[in-house]
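The lines below spell out each chain.
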Amino acid sequence: MSTNFQLLKEMKKRVLASNACVDSLLSVQPDSGRFNNLLEVALQQQETACIEMRRLYDMVKKPESRMQKPADGNITEVFGKIAVTPEGWVHIKLNFLLPHCRMTGATQYVSDSILRLISDAESAGKNLPFFRKAFVGILEFSPGEASDVFDHDNKGYKAVQNALKGRLFPDDDCFEMSLGLFTEQREESCCHIYVLPDDETGIFTDMRLSGELG
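All values derive from a computational prediction rather than experimental measurement.

A. Spotlight on the confidence of the model for the chain. Confidence in the prediction of the chain, expressed as mean pLDDT, is 85, and 88% of residues score 70 or more. When pLDDT is averaged over each helix and strand of the chain, the minimum, 81, is found for helix α2 (residues 33-60) and the maximum, 97, for strand β3 (residues 90-94).

Shown next as structure tokens:
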């Protein structure tokens, strides 16, 4: 059995499972625990199917369809974009909020999205900096009612760290990487990730407080 066929079978199984959850949601009270559980399972199945579909697309797409270097050097996809700021920092924007850390499929989706943006940028000839000692600032914008993950320790930020280590800095231990998690109430819902030299953390803080980031 070909790998392509097996991936298609897995995708179909996950989509059907998600559809079954959505069908059940139509007859469940929105404020119930069962509604939340069904919605979580549906989301996890859809996001995992998306990752598998990306893998299949990478396997079958023609070489001439691969991304060429854009005029401004930035890489943009439906799920987000990556750029190097005038300060020499790496800026990744994800067009969604970080999921709850216990949602395995969702955190895998975060890691996969970040890794794809980095790999596409490198394939397009974009020279991304590598920081020997880095600060990672994760800044989420969200209306108050749009996110149900209010505690930072419940957010899937480790998926961000795991995707970045070895690509933009050596590792994510306490000596090589510092971490900052921030949330601001705005109309949009998205996640901005900044990777910069650790000794420029003060500049990042000043820019964040003055509303220059995002």
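After that view, the rundown keeps rolling.
B. Local environment of the packing of helix α1 (residues 3-25) against α2. Where α1 meets α2, the closest approach of the two axes is 8 Å, and the angle between their N-to-C directions is 160°. If you check the angle between α1 and α2, you find them roughly antiparallel. Handedness of the α1/α2 crossing: left-handed. Looking at the contact of α1 with α2 residue by residue, the class counts come to 18 nonpolar, 8 polar and 5 charged.

C. Quick look at the nonpolar core. Within the largest apolar cluster, 32 residues are counted, with the highest numbers of intra-cluster contacts made by Ile82, Ile92, Leu94, Ile114, Leu164, Ile193 and Val195. Going through the elements one at a time, β3, α3 (104-123), β4 (134-141), α4 (157-164) and β6 (190-197) are the ones with two or more residues in this core. For this core, the element with the most residues is α3, which contributes 6 residues. Each residue touching Leu164, except ones within four places of it in the same chain, is listed here: Ile92, Ile114, Ile118, Val136, Phe169, Ile193 and Val195. With 10 residues, the next largest nonpolar core counts Trp89, Phe135, Leu139 and Leu196 among its residues.

D. Here's a closer look at the sheet that holds β4. Spatial ordering of the open sheet is given by β1-β2-β3-β6-β4-β5, a layout of 6 strands whose pairing is mixed. On the outer flanks of this sheet lie β1 (75-77) and β5 (177-184), each paired with one strand and no other. Pairs of neighbouring strands in the sheet enclose a mean axial angle of 15°, with direction left out of account. Pairing of strand β2 (residues 80-84) with β3 involves 5 bridges; the strand directions are antiparallel. Paired with Ile82 across the bridge in β3 is Ile92.

Reading guide: rules and limits
Residues numbered from 1 in each chain as written. Predicted model: local features only at pLDDT ≥ 70, side-chain atom pairs only at ≥ 80, totals over all residues. Heavy atoms only, no water. pLDDT = per-residue confidence, 0-100. Helix = DSSP H or I, 4+ residues; strand = E, 2+ residues; numbered from the N terminus. Axes fitted to C-alpha atoms, helices over the stretch in contact; angles between N-to-C directions. Parallel < 35°, antiparallel > 145°, perpendicular 65-115°, else oblique. Left-handed = near helix turned anticlockwise from the far one by under 90°. Nonpolar A, V, L, I, M, F, W, Y, C, P; charged D, E, K, R; others polar. Core = buried A, V, L, I, M, F, W, Y, C linked by side-chain atoms within 4.5 Å. Buried < 20%, exposed > 50% of the residue type's maximum accessible area, 1.4 Å probe, protein only. Contact = heavy atoms within 4.5 Å. Pairing = 2+ DSSP bridges.

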